[in-house]
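Chain by chain, the residues run as shown.
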Amino acid sequence: MSDHLVFKMGEFEAIFPTDRQYAKNHMWALPQKAGVYRFGFTAYAVRLLQDVYFLEWSVDAGVTLAERQEMGAIESKKAESALYSPMAGLLPRVNDDLLSDPSTINVDKYGDGWLFEIEGNGELLSPADYIKHLESVWEVTQRTIKGQLND
């Protein structure tokens, strides 16, 4: 039995460990203790972003977040984007080490490149269901990447 699943992004393989769950906004969720999840960007997100070089938080640890509440911003070689909470709950901790060196997201996305922890409940996907979600959005994502999306 494999300890990860793979999604093909063209010639690139995005790897997803099976020891965690996933959010539709392309974050992984690893249980820390009862009701507390550590979140970070999936290989899919990191591949699309390419070379994260800036991260800032607009919320502080200790706040209660609504699902999809804006939490901060990220900049990379390919994109500037707001960061949104994948679930509602208490934000006990953010990874402050990333503020001085966000490149850790690029090199250790499933380890030291974690973003924050949330204590709460939310709709998280199993690794297999996350792969199905990626399959459903990949065609649109490819057109967007190539700048060919027509509204």
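In this text, all values refer to a predicted model and were calculated from it rather than measured experimentally.

Undergrad: Please clarify how the sheet that holds strand E10 (residues 89-94) should be interpreted in this entry.
TA: The strands that make up a sheet are held in pairs by hydrogen bonds between backbone atoms, and each pair lies either parallel or antiparallel. What the six strands build is an open sheet, ordered E3-E4-E5-E11-E10-E7; its pairing is antiparallel. Because the sheet does not close on itself, it has two edges, and the strands there are strand E3 (21-23) and strand E7 (64-65).

Undergrad: Looking at this structure, I do not really get the pattern of salt bridges. What am I missing?
TA: When charged atoms on two side chains of opposite charge get close, those side chains can pair. Applying the stated criterion across every chain yields a total of six salt bridges. For the salt bridge of Arg-20 with Asp-19, the shortest nitrogen-to-oxygen distance reads 2.7 Å. Given the relative accessible area of 48%, Asp-19 is considered partly exposed. For Glu-117, the salt bridge is made with Arg-93, and the minimal N-O distance between the two is 3.4 Å. In this pair, Glu-117 sits in strand E11 (residues 116-119) while Arg-93 sits in strand E10, placing the two residues 24 residues apart along the sequence. Overall, the relative accessible area of 7% leaves Glu-117 in the buried class. Residue Arg-93 is classed as partly exposed on the basis of its relative accessible area, which comes to 40%. Because the salt bridges share partners, they merge into one network encompassing Arg-38, Arg-93 and Glu-117.

Undergrad: Mind showing me how you'd approach the confidence of the model for the protein chain here?
TA: Low pLDDT marks stretches whose predicted atomic positions should not be read closely. Taken residue by residue, the protein chain gives an average pLDDT of 89. The fraction at 70 or more is 91%. Per-element mean pLDDT across the protein chain ranges from 80 in helix H4 (residues 127-145) up to 98 in E11.

Undergrad: Help me understand the packing of aromatic side chains, please; the structure alone is not making it clear to me.
TA: Two measures describe an aromatic ring pair: the distance that separates the ring centres and the angle between the ring planes. Going through the model one piece at a time under the given rule, you end up with eight aromatic pairs. For the ring pair Tyr-22 and Tyr-130, a centre distance of 4.9 Å and an interplane angle of 15° mean the geometry is stacked. A residue pair is termed long-range when its members are at least 10 positions apart, and Tyr-22 in strand E3 and Tyr-130 in helix H4 qualify at 108 residues. Tyr-130 matches Tyr-22 in its accessibility class, with the two residues each being buried. With centroids separated by 6.4 Å and ring planes inclined at 50°, the aromatic side chains of Tyr-37 and Phe-39 adopt a geometry described as tilted. Within the aromatic cluster, the residues linked to one another by ring pairs are Tyr-37, Phe-39, Trp-57 and Phe-116. Residue placement shows Arg-20 over the ring face of Trp-28; its charged tip is 4.6 Å from the ring centre. Between the NZ or CZ atom of Arg-38 and the centre of the ring of Trp-114, over which it lies, the distance is 3.9 Å.

Undergrad: Whenever I open this one, the nonpolar core confuses me. Can you help?
TA: What tends to happen in soluble globular proteins is that the nonpolar side chains get buried as a cluster. Ranked by internal contacts, the top residues of the largest apolar core, which has 26 residues, are Phe-39, Phe-41, Leu-115 and Phe-116. Once residues within four sequence positions are removed from consideration, Leu-115 is found in contact with Met-27, Phe-39, Gly-40, Phe-41, Leu-55, Trp-57, Val-94, Asn-95, Leu-98 and Ile-105. Phe-16, Trp-114, Ile-131 and Trp-138 belong to the second largest nonpolar core, which has 15 residues in total.

Undergrad: Mind showing me how you'd approach the sheet that holds strand E6 (residues 52-57) here?
TA: The sheet built from three strands is open, its strands ordered E6-E8-E9 with antiparallel pairing. A single partner strand is all that each edge strand has here, and the edge strands are E6 and strand E9 (80-84). Pairs of neighbouring strands in the sheet enclose a mean axial angle of 25°, with direction left out of account.

What counts and how
- Residues numbered from 1 in each chain as written.
- Predicted model: local features only at pLDDT ≥ 70, side-chain atom pairs only at ≥ 80, totals over all residues.
- Heavy atoms only, no water.
- Pairing = 2+ DSSP bridges.
- Helix = DSSP H or I, 4+ residues; strand = E, 2+ residues; numbered from the N terminus.
- Salt bridge = Lys/Arg side-chain N within 4 Å of Asp/Glu carboxyl O.
- Buried < 20%, exposed > 50% of the residue type's maximum accessible area, 1.4 Å probe, protein only.
- pLDDT = per-residue confidence, 0-100.
- Phe/Tyr/Trp six-rings, centres within 6.5 Å; stacked < 30°, edge-to-face > 60°.
- Lys NZ or Arg CZ within 6 Å of the ring centre and 35° of its normal.
- Core = buried A, V, L, I, M, F, W, Y, C linked by side-chain atoms within 4.5 Å.
- Contact = heavy atoms within 4.5 Å.
- Axes fitted to C-alpha atoms, helices over the stretch in contact; angles between N-to-C directions.

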